[in-house]
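Examination of the molecular architecture
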Amino acid sequence: MRIEEAVSASSKHLVFAYYVTGHGFGHATRVAEVVRQLILAGHDVHVVTGAPAFVFTSAVDSPRLFIRKVLLDCGAVQADALTVDRLASLEKYSETAVKPRAQILAQETEWLNSIKADLVVSDVVPVACRAAADAGIRSVCVTNFSWDFIYAEYVMAAGIHHRSIVWQIAEDYSHCEFLIRLPGYCPMPAFRDVIDVPLVVRRLHKSPKEVREDLGVADDVKLVILNFGGQPGGWQLKEEFLPSGWLGLVCGASESTDLPPNFRKLDKEAYTPDIIAACDCMLGKIGYGTASEALAYKCPFVFVRRDYFNEEPFLRNMLEFYQCGVEMIRRDLLTGHWRPYLERAVSLNPCYEGGINGAEMAAHILQETAFGKNYASDKLSGARRLRDAIVLGYQLQRATGRDVAIPEWYVNAESQLGRRPSDRPADFESALVESVIDDFEILHGNVQGFPDTVAFLHSLTELHANPKRRESRAAASLFNWEEEIYVTRAPGRLDVMGGIADYSGSLVLQMPIKEACHVALQRLHPSKHKLWKHAAARQNDRGEATAVLQIVSYGSELGYRSPTFDMDLSDFMEDGKLMSYERARKYFAQDPSQKWAAYVAGAILVLMTEMGVRFNDSITMLISSAVPEGKGVSSSASVEVASMSAIAAAHGLNIDPRDLAILCQKVENHIVGAPCGVMDQMTSACGEANKLLAMICQPAEIVGLVEIPNHIRVWGIDSGIRHSIGGADYGSVRIGTFMGLKMIKSKASDELSDMQTNGVNNDEVEQDDLELLKQEASLDYLCNLPPHRFEALYAKQIPNSIIGQSFLDTYKNHNDPVTTIDDKRTYGVRFPTMHPIYENFRVKTFKSLLTSTASTDQLTALGELLYQCHYSYSACGLGSDATDRLVHLVQEVQHSAASKAEDTTLCGAKITGGGSGGTVCVIGRNCLKSGEQIIEIQQRYKKQTGYLPFIFEGSSPGSGKFGYLKIRHRTGSRSDVRMGYTSDEGSPI
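My aim in this report is to walk through the structure given alongside it, one point at a time. This is a predicted model, so every value here is computed, not measured.

Time to look at the pairing of strand β2 (residues 44-49). Counting buried residues in β2 gives six out of six residues, a clear majority hidden from the surface. Burial along β2 is two-sided: the face carrying D44, H46 and V48 and the face carrying V45, V47 and T49 are both buried. Relative to β2, strand β1 (residues 15-20) is paired through five bridges, and the arrangement is parallel. By the bridge assignment, Y19 is partnered in β2 with V48. Read from β1 through helix α1 (residues 26-40) to β2, the crossover connection turns out right-handed.

Pasting the structure below:
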């Protein structure tokens, strides 16, 4: 719903209670504008805030404004201007709003009644909505995001034990009558009804000319305002950061900060909107206040991404849509390579022509609501119980019967990733093949009939057709079309059996899926390499052309990832020595928006370290993956394998697929810092279509390929919950597993010592026991311990859990090179120890059953093994509500009367990979009815959660079978004519 009216003076006096979140000044400044409009209409406004009073009193000078200094939430805790501490944010919110909740509700209810509030407004304090309901007062929220959406990512990544915070916040918001939604909004599923208004921005007090006169700045001086809300940690401004003829105006600089002569501190009382309107561009971090004022006053915004703030992609898209945003790499911000970004910014022509009267319109809606007007849908009125919803990989809650409101651009971006070749018209593929053959000469290899490979090659020809997406524009300048390009392909994988038991030495059964990652790579002498402008500026500063790595990764608009990464390859050398893996991990982690590059660039360092390869030429890479991220189907492994395969092909390195997989595991373990086993990379490199790769992970022994019988079919169903093997749960379970191994070895050593001390008879049984204990005292892998030996001798010795320090005091270490014990943390031990021991047995049984006679009993037994694995994951702490829901739906369908009449269709399901969300593997009879039931489960899950899960079906070979393509663009091809392209065109962006 959109309202087009503005507030007008009222003859009736109203009282508003306006709650403001404790996160930053942006909320307070926009609230001040709405409050000003309400007071102009003749009403009293009581502002409840933790922000300084001057933020409001400087905008509103009226006896009708009342400031009450109370902090009822804390927002995001920031380590510095660009870094959010996710766990600290959750812990502070718990201290601020959760533990004293009962006291807060009683206090606020009493206060609201004491001031006789007519309406409660929240931006966007959750408990305010519940307090209003308890006081019997209507409430409305005004915002572009809600804290349940923001905190959901923090919970998933850093604080799973704080999960109840998200539920409580959503429940509080559900008491709100409706939402006044601001532009650049995020999904906010807890709200029932929505009214959209234009930008809420502070009005100007002075003209740009007046501001320049006040500052004493000539018209020919270019101004940039630095608006970070505090400088990033360890950052020192230098004169050379700005080009000649520029002056930097610094907001929030402390009095003790010394600035170079071409920078100037702004007074604390300086009115920022006036300064922004007078500047040629702004440099800062994205927030609603900075983004909205940049758009409103057409000030180009050079922004640097913040870490882990879900609001940012939506505001970033809004800026770029209206040609008002330029992204700066954090490394260039801190090292002062600003010139190319500033020059790009001043060349923009911001085109936002929408309204900036959102404050007036919001005030009008609030006034009419307080008078009694009902904007909410009758059928949805009243407090209701919420149910689960899954939005963009986070498990949230929503109101029954309402669709989750996700911006159209974001939905489209997701659907692009989910698009499959089979979704296209029947004649599309043949036309695409013809186009690719015309555009490219294939010098080596074969597309092997893969529609996705043909589509990827076709996408290369479209790079010069004036692409609109920023990542496509960056990719368009990557390649020299007169030179050879290498193309590789590596699929994701579906974990059928084995999963997290891989690092304990289990047998695993993995299926390469149809979805794959493609990499296009070009190797060029530095003198021929087309550099992006900021990379060229960096080289110019050095005064020499050196080998550079430039990468573009598609799909970045869906999250924190920056679409591009570049580095000088010489950065891998420090004082004549190769950079260590530990140093490389820190190098890539310093900017979370570019941490993804470790999966790609890390392959170069691993090849340098492990094989002595040296890279003297520049490398450009385009990464395009159809393997969805965070769904537990090894998107990271497919990127690693495809990237290393391309690098190897371009440099003439003949690496066996098994060895390449082990090298890729080193990338993930040592450079990315994710403690994964090797099965993901091995399947992506060595797998074959429609076969299960059977591998004993000790460390990587391929024992064969297992045919999937024709009467059996395997599916994957995405739960929608983001999965990460770098997450806290996966790592803590792995630590618990290695703790259990150490305890078992210690127990075996003690038993062996006792037997030797007490003497051993020549009795054959005792001799056998002695040999077993010797083996178990030096056990390399938990999976080499049979279940009966575990139960007979060790099960009772393994505690349910242990504090890290207690374990270290007793056992010194856990002998796992890729995880570190937190001495203060409590680790589960019993179930993480039991799981791989029993899982190895289940996998062996599953493999044997696949070759047995086809029967209903065979299917039932296979399904039962999957179910046992699933519940063992949950016992370890690696389950999730969403994957449990999918498994339960499979069970409901399996045991339905219709399924029994078909003599068993679907027969089992389990969580996969690292757990904690991701994808569920389903097994069943290969028949039409089973496929229909999978679709039924998909639709029922959507009805329950609001999320339509992606279904994985089909298989494709690993990178080893695909090999590589070597291609060259044909001069004078139809694409040249169609695009008007010649080899001299196309300059770096």
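Let us now look at the pattern of salt bridges. Counted according to the given criterion, the structure contains 47 salt bridges. A salt bridge links E312 to R306; its shortest N-O distance comes to 3.9 Å. According to the relative accessible area criterion, E312 is buried, its value standing at 1%. On the basis of relative accessible area, R306 is assigned to the buried category, the value being 6%. Note that R330 is salt-bridged to D591, the shortest N-O span being 3.8 Å. With a gap of 261 residues between them, R330 in helix α12 (residues 330-335) and D591 in the loop between α20 (581-589) and α21 (597-611) connect regions that are remote in the sequence.

Among the eight residues in helix α24 (residues 679-686), eight count as buried, and that is most of the element. Here α24 has its buried residues at M679, D680, Q681, M682, T683, S684, A685 and C686.

A few words now on the pairing of strand β22 (residues 564-568). β22 sits mainly inside the fold: five of its five residues count as buried. Side-chain alternation along β22 places T564, D566 and D568 on one buried face and F565 and M567 on a second face that is also buried. Note that strand β21 (residues 548-553) and β22 share five bridges and pair antiparallel. Looking at β22, one finds that V552 is bridged to T564.

Right, let's talk about the packing of aromatic side chains for a bit. A complete count under the given rule lists 23 aromatic pairs for this structure. Geometrically, the ring pair formed by F321 and Y322 is edge-to-face, given 5.0 Å between the ring centres and 90° between the ring planes. Judged by its relative accessible area of 24%, Y322 is partly exposed. On the numbers, 5.0 Å between centres and 90° between planes, the contact of Y322 with Y352 is edge-to-face. With Y322 in the loop between α11 (312-321) and β15 (325-327) and Y352 in the loop between α13 (339-346) and α14 (358-371), this pair connects stretches of sequence that are 30 residues apart. Counting every residue linked through ring pairs, the aromatic cluster contains Y93, F145, W147, Y151 and Y154. The ring of Y288 carries R30 above its face, with NZ or CZ at 4.7 Å from the centroid.

If you trace the seven strands from one edge of the open sheet to the other, you get β3-β2-β1-β6-β7-β8-β9, paired in parallel fashion. Every other strand in the sheet has two partners, leaving β3 (65-69) and β9 (194-196) as the edge strands with one partner each. Across the sheet, the mean angle separating the axes of adjacent strands is 20° when strand polarity is ignored. Inspection of the sheet shows strand β8 (residues 178-181) paired to β9 by three bridges, in the parallel sense. Bridge pairing links L179 to V194 in β9. The strands that helix α5 (residues 126-135) touches are β1, β6 (119-123) and β7 (139-143); relative to β6, the one it contacts most, it runs at about 165°. Against the sheet, α14 touches β1, β6, β7, β8 and β9, its axis set at about 165° to β8.

Once that is clear, we can look at the nonpolar core. Within the largest apolar cluster, 69 residues are counted, with the highest numbers of intra-cluster contacts made by F16, Y18, V34, F56, I180, L319 and L366. For this core, the two domains that each supply at least three residues are domain 1 (15-200 + 363-394) and domain 2 (208-355). Excluding residues within four positions of it along the chain, F16 makes contact with L38, H43, D44, V45, H46, L119, V121, L366, Q367 and A370. Core analysis: the next-biggest nonpolar cluster, separate from the first, contains 61 residues, V519, Y581, I623 and A700 among them.

We now examine a negative patch on the surface. A cluster of acidic side chains, namely E210, E213, D219 and D220, defines a negative patch on the protein surface. Positionally, E210 belongs in helix α8 (residues 208-215).

Turning next to the sheet that holds strand β32 (residues 919-925). Strands sit in the order β31-β32-β28-β33 across an open sheet of four strands; the sheet is antiparallel. Single-partner strands in this sheet number two, and they are β31 (906-911) and β33 (951-952). Sheet analysis places strand β28 (residues 712-718) next to β32, joined by seven bridges and oriented antiparallel. Directly across from W715, in β32, lies its bridge partner V922.

What follows deals with the side chain of K285. Residue position: K285 is located in strand β13 (residues 281-285). A residue is classified by how much of its surface remains accessible, and K285, at 14% relative accessible area, is buried. Setting aside residues up to four positions removed in sequence, K285 forms contacts with Q78, A81, L82, N227, F228, T290, F301, V304 and R306.

Rules of the game
Numbers given to residues run from 1 along each chain, matching the order in which its sequence is written. The model is predicted, so local features are restricted to residues of pLDDT at least 70 and side-chain atom pairs to those at 80 or more, both for listing and for counting; the totals for chains, interfaces and linings are taken over all residues. Just so you know, side-chain values use all the structure's heavy atoms and leave hydrogens and water out. Here the term buried applies to any residue with accessible area under 20% of the maximum for its type, exposed to any over 50%, and partly exposed to those in between, with areas from a 1.4 Å probe on protein chains only. Secondary structure elements are defined from DSSP: runs of H or I of at least 4 residues count as helices, runs of E of at least 2 residues count as strands, and each element is numbered from the N terminus. Pairing between strands requires that DSSP locate at least two bridges from one strand to the other. Crossover handedness is defined here as right-handed if the route from the first strand over the helix to the second strand goes clockwise, with the strands pointing away from the viewer. In the sections that follow, a salt bridge refers to a side-chain nitrogen of Lys or Arg positioned within 4 Å of a carboxyl oxygen of Asp or Glu. Pairs were defined over the aromatic rings of Phe, Tyr and Trp, the Trp ring being its six-membered one, requiring ring centres within 6.5 Å. Orientation was assigned from the angle between planes: stacked under 30 degrees, edge-to-face over 60, tilted for the rest. We call a charge positioned over a ring when the NZ of a Lys or the CZ of an Arg lies within 6 Å of the ring centre and within 35 degrees of the ring normal. Axis definition: a line fitted to C-alpha atoms, limited for helices to the stretch in contact. Angles are taken between N-to-C directions and run from 0 to 180 degrees. In what follows, residue pairs with any heavy atoms lying within 4.5 Å of each other are defined as contacts. What we call a nonpolar core is a set of buried Ala, Val, Leu, Ile, Met, Phe, Trp, Tyr and Cys residues that are connected through their side-chain atoms within 4.5 Å. Domains are outlined according to an automatic or database domain assignment. A patch consists of residues whose relative accessible area exceeds 30% and which take part in no salt bridge; residues with like charges are grouped when within 9 Å of each other, and nonpolar side chains (Val, Leu, Ile, Met, Phe, Trp, Tyr) when within 5 Å. Computed by Shrake-Rupley with a 1.4 Å probe, the accessible areas treat only the displayed protein chains as cover when residues are assessed. His is not counted, nor are the chain ends, whereas Lys and Arg count as positive and Asp and Glu as negative. Where a charge sits is defined by one atom per residue type, namely NZ (Lys), CZ (Arg), CG (Asp) or CD (Glu).

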